[in-house]
Every structure is written in C-alpha cells, then in structure tokens.
Amino acid sequence: MRERKGKVRVSVISEEGRGKEKNKIEKDEEEKFEVMRRHLVNNLGGYLLLDEKVREAMLRVPRHKFVPEYEQKTAYMDRPLDIGHGQTISAPHMVAIMCELLELSEGQKVLEIGAGSGYNAAVMGELIGKNGHVYTVERIEALANFARENLRKTGYKNVTVVLDDGSMGYSQHAPYDRITVTCAAPDIPEPLLEQLKPGGIMVIPVGGGSQELYNVKKDSKGNINKKRKGGVVFVPLIGKHGF
C-alpha cells in the first residue's frame with residue numbers, strides 16, 4: 001500500500017492582511033460600544049434633567065475602557081460595576097447626578113476622593129477642559145495603578161492619580177473649586193471642608209447603614225450650607241476621617 005501524504009495548508013493571508021482584519025474587528029467593536037454608549041446616555045436623558053455639557057462629556061468617555069475585561073460587555077448598563085478589591089464604579093446615572101450637582105466648568109481645580117478605575121475623573125476631566133485639573137486620591141495601590149493606566153490609554157492628561165488616604169484630602173494643591181467623594185463617610189471630613197475654596201461645592205455621600213447624598217457649599221465668608229439630595233448606596237470611605 002502506498003502511504004498517503006497529508007497536504008500542508010499554506011495560509012493565503014499575509015501578516016499585513018491579518019493586521020487589517022484585526023483592525024477592522026476592533027473598529028467594528030468600538031462602533032458597537034459607541035452605539036451602546038449613545039443609547040445609555042439617551043436613556044438617562046429620559047428621566048434625568050441632564051445639562052448638555054454633562055451629556056456630551058458622558059458621550060465622549062468610553063466607559064468600557066475603565067472596567068476589567070470581564071465587565072466590558074455590561075459597561076453601558078446603568079448599574080455599578082465590579083472593579084476588584086471589593087470596590088465598584090458608580091452607575092452612570094449617579095455619575096451624571098454628581099456632575100450636575102458640582103456645576104463643573106472650564107478651568108476648575110477638582111479633588112476626587114476614590115479614584116476607582118478613573119472613569120468618574122475622566123468625565124469630570126471632559127467638563128473642566130484642558131485648563132482645569134482633577135486630582136483623584138485612591139488608597140488601594142492596585143486600583144490607583146489601574147486608574148492611571150486607563151487614563152493614560154484614553155488620553156486624559158488633566159487628571160492626576162494620587163495614592164493616599166483620601167479622608168485627609170490632598171492639601172498639596174488645596175484649595176479646590178470642587179470636591180467630590182465617591183465613597184460614604186460617617187460624617188463630612190473636616191480636612192475636606194478646609195480644603196474647599198470659598199464659593200466652592202462639595203458632593204459627598206454620608207452615613208453607614210442608611211446613606212444620604214449631600215450637596216455642600218461654602219460661601220465667601222467660609223460658612224457651610226448642606227442640603228440632602230436623596231438616599232444612595234456607596235462603598236465606605238476608609239481612613240483616618242472615614243470608617
């Protein structure tokens with residue numbers, strides 16, 4: 001019997017062709033994410049009075065690039081997402097609400113407590129523009145590195161991630177026009193009130209089992225005015241002035 005020799009299959013796709021095919025797949029995927037992002041933001045506009053600037057900022061930030069790979073397919077659902085280490089990033093509606101309350105504008109200096117994945121900082125970075133700056137403080141080193149890398153890949157040069165105890169604020173660049181806290185404190189930390197500029201606004205969730213979102217304003221004389229904005233659920237603020 002004569003042995004049949006197996007045929008060797010030779011690929012007819014060049015390396016250049018493979019690269020183009022890969023680029024096309026990635027482009028198609030990005031277009032799908034963009035459609036989902038637009039759908040999400042349009043839905044938010046159906047039940048939130050979104051300022052056009054906030055709406056445009058959320059359309060520009062690719063949320064799927066600020067979550068672990070296993071969460072990318074759910075990146076444009078309006079819910080918190082796991083980012084590891086017992087932490088989450090806020091649901092898009094909460095990001096929008098907090099940005100609205102902060103009344104962010106071009107050129108402002110913002111302090112964020114709880115960098116997470118960097119998503120919220122990116123949205124604020126869009127709102128304050130290239131002449132403004134966001135300093136975002138994260139206590140978990142792995143998440144600080146994750147946020148830095150996400151912000152680098154997406155091109156946000158007006159955001160700085162700091163590894164530190166956020167309950168102490170970040171005095172190096174105080175005072176701040178705006179302060180936002182993405183974790184619930186037992187009470188409003190005194191260092192944050194001190195680092196808020198007169199005329200500034202802070203948005204912070206407060207409480208243990210039951211949490212309330214507060215809109216805090218400091219007038220030109222340093223007087224503090226606090227208003228409750230509704231019940232919320234956030235991870236706890238850990239640190240000297242936290243839990």
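As a reminder, the structure under discussion sits directly above these lines.
In short, a report on the structure. Given the structure is predicted, the values throughout are model-derived calculations rather than measurements. (Residues numbered from 1 in each chain as written. Predicted model: local features only at pLDDT ≥ 70, side-chain atom pairs only at ≥ 80, totals over all residues. Heavy atoms only, no water.)

## Observations concerning helix α5 (residues 141–153)
Okay, so step 1: For α5, which comprises 13 residues, the first-to-last C-alpha distance of 18 Å matches the rise-based estimate of 18 Å (1.5 Å per residue) to within 8%.
Okay, so step 2: Those residues of α5 lying buried are L143, A144, A147, N150 and L151. What you see down the axis of α5 is that its buried residues fit within an arc of 130°, all on one side. The exposed set on the far side of α5, more than 90 degrees from its buried face, consists of E141, R152 and K153.
Okay, so step 3: Tucked inside the fold, the buried residues of α5 contact β1 (81–84), β2 (87–89), α4 (119–128), β4 (133–138) and β5 (159–163).
Okay, so step 4: Positive backbone phi, at 85°, marks G155, one or two positions downstream of α5. (Helix = DSSP H or I, 4+ residues; strand = E, 2+ residues; numbered from the N terminus. Expected span 1.5 Å × (residues − 1). Buried < 20%, exposed > 50% of the residue type's maximum accessible area, 1.4 Å probe, protein only. Arc of directions from axis to C-beta. Contact = heavy atoms within 4.5 Å.)

## Considering helix α2 (residues 52–60)
Okay, so step 1: Residues V54, A57, M58 and L59 constitute the buried set of α2.
Okay, so step 2: A distance of 2.8 Å separates the backbone nitrogen of K53 from a side-chain oxygen at the start of α2, and that oxygen is part of D51. (Polar contact = N/O pair within 3.5 Å; in protein donor to acceptor, adjacent residues only side chain to side chain.)

## Considerations on unusual backbone geometry
For residues besides glycine, phi is generally negative; the peptide bonds are generally trans as well.
Okay, so step 1: Residue A174 is joined to P175 through a cis peptide bond whose omega torsion reads 0°.
Okay, so step 2: Its identity as a non-glycine residue notwithstanding, H85 has a phi of 60°, on the positive side.
Okay, so step 3: Among the structural elements, H85 can be located in the loop between β1 and β2.
Okay, so step 4: The exposed category is assigned to H85, whose relative accessible area is 52%.

## Thoughts on the pairing of β5
Okay, so step 1: Strand direction decides the pairing type here: β4 and β5, joined by 5 bridges, are parallel. Its bridge partner lying in β5, Y135 is registered against T160.
Okay, so step 2: In terms of handedness, the path from β4 via α5 over to β5 forms a crossover that is right-handed. (Pairing = 2+ DSSP bridges. Right-handed = clockwise from strand over helix to strand, strands pointing away.)

## Some words on the sheet that holds strand β6 (residues 176–181)
Okay, so step 1: Reading across from one edge, β5-β4-β3-β6-β7-β8-β9 is the order of the 7 strands in this open sheet, with mixed pairing throughout. On the outer flanks of this sheet lie β5 and β9 (224–232), each paired with one strand and no other. Across this sheet, the average inter-strand angle for adjacent strands is 15°, counted without regard to direction.
Okay, so step 2: Examined bridge by bridge, strand β8 (residues 211–218) and β9 share 7 bridges and lie antiparallel to one another. Looking across to β9, one finds that E212 is bridged to G231.
Okay, so step 3: Docked against the sheet, α5 engages β4 and β5, running at close to 165° with respect to β5. (Axes fitted to C-alpha atoms, helices over the stretch in contact; angles between N-to-C directions.)

## Describing the side chain of N215
Okay, so step 1: Tracing the backbone through its elements, the reader meets N215 in strand β8.
Okay, so step 2: N215 gets classed as buried once you look at its relative accessible area, which sits at 8%.
Okay, so step 3: Leave out the neighbours within four places in its chain, and N215 touches L101, I201, M202, V203, N225, K226, K227 and K229.

## Looking at the environment of S105
Okay, so step 1: You can see S105 is positioned in the loop between α3 (92–102) and β3 (109–113).
Okay, so step 2: In this structure S105 comes out as partly exposed when scored by relative accessible area, which is 27%.
Okay, so step 3: Setting aside anything within four residues of it in sequence, one finds S105 in contact with K53, L127 and I128.

## Quick look at the packing of α2 against α4
Okay, so step 1: Following both chains from N to C, one finds α2 and α4 inclined at 125°, their axes separated by 9 Å at the closest point. Our classification of the angle between α2 and α4 gives oblique. Here α2 runs over α4; the crossing is right-handed. Touching K53, V54, A57, M58 and R60 of α2 are Y119, V123, E126 and L127, all from α4.
Okay, so step 2: Tallied by class, residues from the contact of α2 with α4 come to 6 nonpolar, no polar and 3 charged. (Parallel < 35°, antiparallel > 145°, perpendicular 65-115°, else oblique. Left-handed = near helix turned anticlockwise from the far one by under 90°. Nonpolar A, V, L, I, M, F, W, Y, C, P; charged D, E, K, R; others polar.)

## Overview of the packing of aromatic side chains
Okay, so step 1: Considering all chains together, one arrives at 4 aromatic pairs under this definition.
Okay, so step 2: Between the aromatic rings of Y135 and Y170, the centroid separation amounts to 6.0 Å while the plane-to-plane angle is 40°, which identifies the pairing as tilted. You can see Y135 sitting in strand β4 and its partner Y170 sitting in the loop between β5 and β6, a full 35 residues away along the chain. Across this residue pair, the class does not change: Y135 and Y170 are buried.
Okay, so step 3: Measuring from centroid to centroid gives 6.3 Å for Y135 and Y176, while their planes differ by 65°, and the two rings are edge-to-face. Separated by 41 residues along the polypeptide, Y135 in strand β4 and Y176 in strand β6 bring together distant segments of the chain. For the residue pair Y135 and Y176, the accessibility class agrees, reading buried in each case.
Okay, so step 4: Chaining the aromatic ring pairs together yields one cluster made of Y135, Y170 and Y176.
Okay, so step 5: Lying across the ring of Y176, K109 places its NZ or CZ 5.7 Å from the centre. (Phe/Tyr/Trp six-rings, centres within 6.5 Å; stacked < 30°, edge-to-face > 60°. Lys NZ or Arg CZ within 6 Å of the ring centre and 35° of its normal.)

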